[in-house]
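Working through the structure, step by step
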Amino acid sequence: EAQVTQNPRYLITVTGKKLTVTCSQNMNHEYMSWYRQDPGLGLRQIYYSMNVEVTDKGDVPEGYKVSRKEKRNFPLILESPSPNQTSLYFCASSSQEWGGRGRELFFGEGSRLTVL
Amino acid sequence: EDKVVQSPLSLVVHEGDTVTLNCSYEVTNFRSLLWYKQEKKAPTFLFMLTSSGIEKKSGRLSSILDKKELFSILNITATQTGDSAVYLCAVDPVRPSRNAGNMLTFGGGTRLMVKP
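Now for a description of the structure that goes with this document. Predicted, not measured: the structure shown is a model, and the values here were computed from it. (Residues numbered from 1 in each chain as written. Chains lettered and ligands numbered in written order. Predicted model: local features only at pLDDT ≥ 70, side-chain atom pairs only at ≥ 80, totals over all residues. Heavy atoms only, no water.)

Further remarks concern the sheet that holds strand β8 (residues 71-76) of chain B. Residue and element names in this part refer to chain B. The strand order across the open sheet formed by 5 strands is β1-β3-β8-β7-β6, and the pairing between neighbours is antiparallel. For this open sheet the edge positions go to β1 (3-7) and β6 (56-58), each flanked by a neighbour on one side alone. Averaged over all pairs of adjacent strands, the angle between their axes in this sheet comes to 15°, without regard to strand direction. The sheet contact formed by β6 and strand β7 (residues 61-66) spans 3 bridges and is antiparallel. The partner of Ser-58 across the bridge, within β7, is Leu-61. (Pairing = 2+ DSSP bridges. Helix = DSSP H or I, 4+ residues; strand = E, 2+ residues; numbered from the N terminus. Axes fitted to C-alpha atoms, helices over the stretch in contact; angles between N-to-C directions.)

Residues and elements named next belong to chain A. If you walk across this open sheet you meet the 4 strands as β1-β3-β8-β7, and the pairing is antiparallel. Each edge of the sheet is formed by a strand with only one pairing partner; in this case those strands are β1 (4-7) and β7 (65-66). Bridge count between strand β3 (residues 19-25) and strand β8 (residues 76-78): 3 bridges; the pairing is antiparallel. In the strand pairing of β8, Leu-19 is matched with Leu-78.

Our next topic: the pattern of salt bridges. Counted under the stated rule, the structure contains 7 salt bridges over all chains. One network of salt bridges, with partners in common, ties together Lys18(A), Lys65(A) and Glu79(A). (Salt bridge = Lys/Arg side-chain N within 4 Å of Asp/Glu carboxyl O.)

A separate point is the pairing of β3(A). Residue and element names in this part refer to chain A. The element β3 is largely enclosed, with a buried count of 5 among its 7 residues. Pairing analysis gives 4 bridges linking β1 to β3, with the strands arranged antiparallel. Each bridged residue has a counterpart across the sheet, and for Gln-6 the counterpart in β3 is Cys-23. (Buried < 20%, exposed > 50% of the residue type's maximum accessible area, 1.4 Å probe, protein only.)

Shown next as structure tokens:
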């Protein structure tokens, strides 16, 4: 089954304690991205990756890091989490092919993070 | 900067009602507009619109795009409690380079609640 898998789904942590949210896709997609979703603000992009070893900042990258060492994995790293990073995080992937349903994003189930 | 605004922010209706959700956008070099439905988890794809005036339809849901006035509407007829969700609108612009990232820009969403 084609899917994007994130872990953990729920996490409560404390300020300053490094954490990693993993993301894996099994569709051989080139493009992967991380979003955070906050009430009234929709989905805002944190980082994206066009392919292995190619990453770039989205709209709200501060306080986050990513890596893309393998095509299927795109972990999100919070080196020193702060309460303003409390949010719902989504990983997404897409083929880079043009046409058809366009660049439809496939989303993971979401990771709800609370930083105390 | 690309911008997507959805209205209303939230909506409460009764089963059987018809609802219209609005999405207006400002984007350089428009390529397509996408609608997603988000229940308690990941957004799921509904429609992709690229041409003005052509209605896309799926069961009780339909959507249309007006590229002159820069908006789209999503209609749901004979609403059911299962339609309760956040509906997200996103635009996908043509980037200067085929490999320029940062794909979709999302609106803040409309939260629809359908009461029995």
